[in-house]
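Here is how the chains run, residue by residue.
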Amino acid sequence: MASSSEKHDNVKEYYGKVLSDGSSGLKTNACSARSAPHPTVCAIIRTKVPSAVNERFYGCGNPIPLGIGGMDVLDLGSGCGRDSYVAAALAGPEGSVTGVDMTDELLEVARANVAPFAETLGYRPRLRFLAGYIEDIQAAGVEPESADLCISNCVVNLSPNKRAVLQGVFAALRPGGEFHFADMYADRVVPPELAENKVLHGEGLAGALCVPDFERMARAAGFAQPRVLDAKRIDVLDPALRELVGDTQYFSVTYRLFKPDGSKTIHTADTASAVAVYRGTVDGCEEKYVLDIHNSFKACVSTPVDADTAAVLESSWLAKHFVVETLETPINDKPDAAPTLAMLQSL
């Protein structure tokens, strides 16, 4: 069985050299199956981010929320830095972005393009890229409780120690912070023999967690109930790889994991139902805010929420954008959400 260091070396080789010409060499549609980014993000990618950075983007989702002005952002497995650059533009001159990656070729591109990016912004962003492993971000120079938001795009599946990744992110986030990330998942446990296939591992297929296992792991790390923001089915395009994976189904899922801030939480699972009113104050989402696939909020309209959702809205970085009120009698018109795996299999 390959060691963690051997798996790291395989990923470095795959993304640093094998895919040196960009995502066109990938053997799944993960990079094209994702939903289109918000128009605000599209505009930044098109007009602000240097082409050398955009050309080597391998993400399977759009893991950057709007409304992050002034926030400190951490980007795990930042690669050539595309998401870091977008986050830096959204965070503005008062915010900061730290990218962490282990592949020298990608770090070189990310660092080399900060200066031309600053020219398009009109100011020098607080943007840096650290060499290190996402399983040990503190060793790379990330301090505990130094980030308001952590993002990542189709990288955690490549890690040989996903539990360490989640624990490290939880430690790096301030109370009320969020891990907002896109990744690849499977509908079943991937057989151990497939994990030894270097191409399957580089493509993210061998290391994809089964959805229920991931959600249990996230809760064990301390996060609140995982929330799905977006999900798409991934097709394995290469015939040889498709034969290897057999009936296993793969999905690109954007999750939101919130770090509870107990000092601010009023609602618990034992309280009655609540209503939330979105203030319409997130830039780019003035009319409606989508928290996850089960909860969206029109501005200035009372919307029923369960206790877990109420707790997130009043204790996370989103608190300033919502008013949450407890109701004396429960509301029964909000249907129970289907388990994540059942929802994905219906796509």
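Residues numbered from 1 in each chain as written. Predicted model: local features only at pLDDT ≥ 70, side-chain atom pairs only at ≥ 80, totals over all residues. Heavy atoms only, no water.

A. Here's a closer look at the overall build of the chain. In terms of regular secondary structure, the chain is built from 15 helices and 13 strands. Counting all 347 residues of the chain, 55% fall into the buried class. Roughly 15,000 Å² of accessible area belongs to the chain as shown, and the carbon and sulfur atoms make up 50% of that amount. (Helix = DSSP H or I, 4+ residues; strand = E, 2+ residues; numbered from the N terminus. Buried < 20%, exposed > 50% of the residue type's maximum accessible area, 1.4 Å probe, protein only. Areas by Shrake-Rupley, 256 points an atom, 1.4 Å probe, with all protein chains shown as cover.)

B. Examining the environment of Ser316 more closely. With respect to the helices and strands, Ser316 occurs in the loop between α14 (307-315) and β13 (322-326). Distance in space between the C-alpha atoms of Ser316 and Pro260 is 7.0 Å, their sequence separation being 56 residues. Discounting chain neighbours no more than four positions away, the residues touching Ser316 are Gly176 and Phe258. (Contact = heavy atoms within 4.5 Å.)

C. Structural detail: the nonpolar core. Formed by 46 residues in total, the largest nonpolar core has its most connected members in Ile68 and Phe322. If you tally residues by element for this core, the top one is helix α5 (residues 82-91), at six residues. Once residues within four sequence positions are removed from consideration, Phe322 is found in contact with Ala276, Val277, Tyr278, Arg279, Tyr289, Phe297 and Leu313. Core analysis: the next-biggest nonpolar cluster, separate from the first, contains 35 residues, Ile137, Val169, Leu173 and Phe223 among them. (Core = buried A, V, L, I, M, F, W, Y, C linked by side-chain atoms within 4.5 Å.)

D. Quick look at α14. With eight of its nine residues buried, α14 lies for the most part within the structure. Among the residues making up α14, those that are buried are Ala307, Thr309, Ala310, Ala311, Val312, Leu313, Glu314 and Ser315. The N-cap of α14, judged by a side-chain oxygen 3.3 Å from the amide nitrogen of Asp308 a few residues on, is Asp306. (Polar contact = N/O pair within 3.5 Å; in protein donor to acceptor, adjacent residues only side chain to side chain.)

E. Spotlight on the pairing of strand β9 (residues 274-278). Burial analysis of β9 places four of its five residues in the buried class, which makes it a mostly covered element. Looking at chain direction, β9 and strand β12 (residues 302-305) are connected through four bridges and run antiparallel. The residue of β12 that forms the bridge with Ala274 is Val305. (Pairing = 2+ DSSP bridges.)

F. Local environment of the sheet that holds β13. A sheet is described by the order of its strands in space; here three strands give the open sequence β12-β9-β13, paired in antiparallel fashion. Bordering the open sheet on either side are β12 and β13, each of which pairs with just one other strand. Here the average twist between neighbouring strands, direction ignored, is 30°. Against the sheet, α14 makes contact with β9, β12 and β13, and its axis sits at roughly 140° relative to β13, the strand it touches most. (Axes fitted to C-alpha atoms, helices over the stretch in contact; angles between N-to-C directions.)

G. Here's a closer look at the packing of aromatic side chains. Inspection of the entire model under this criterion finds 13 aromatic pairs. Here the aromatic rings of Phe181 and Phe214 are separated by 5.9 Å at their centres, their planes lie at 65°, and the arrangement is edge-to-face. Of this pair, Phe181 sits in strand β5 (residues 173-186) while Phe214 sits in helix α12 (residues 211-221), and the two are 33 residues apart along the sequence. On the basis of relative accessible area, Phe181 is assigned to the buried category, the value being 1%. Between the aromatic rings of Tyr185 and Tyr255, the centroid separation amounts to 5.3 Å while the plane-to-plane angle is 75°, which identifies the pairing as edge-to-face. One end of the pair, Tyr185, is in strand β5; the other, Tyr255, is in strand β8 (residues 250-258), with 70 residues separating them in the sequence. Residue classification places Tyr185 among the buried residues on the basis of a relative accessible area of 2%. Taken together, the aromatic side chains of Phe179, Phe181, Tyr185, Phe214 and Tyr255 make up a single cluster linked through ring pairs. Of note, Arg82 hangs over the ring of Phe57, and the distance from its end group to the ring centre comes to 3.6 Å. Cation over ring: Lys259 sits above Phe170, and NZ or CZ is 4.6 Å from the ring centre. (Phe/Tyr/Trp six-rings, centres within 6.5 Å; stacked < 30°, edge-to-face > 60°. Lys NZ or Arg CZ within 6 Å of the ring centre and 35° of its normal.)

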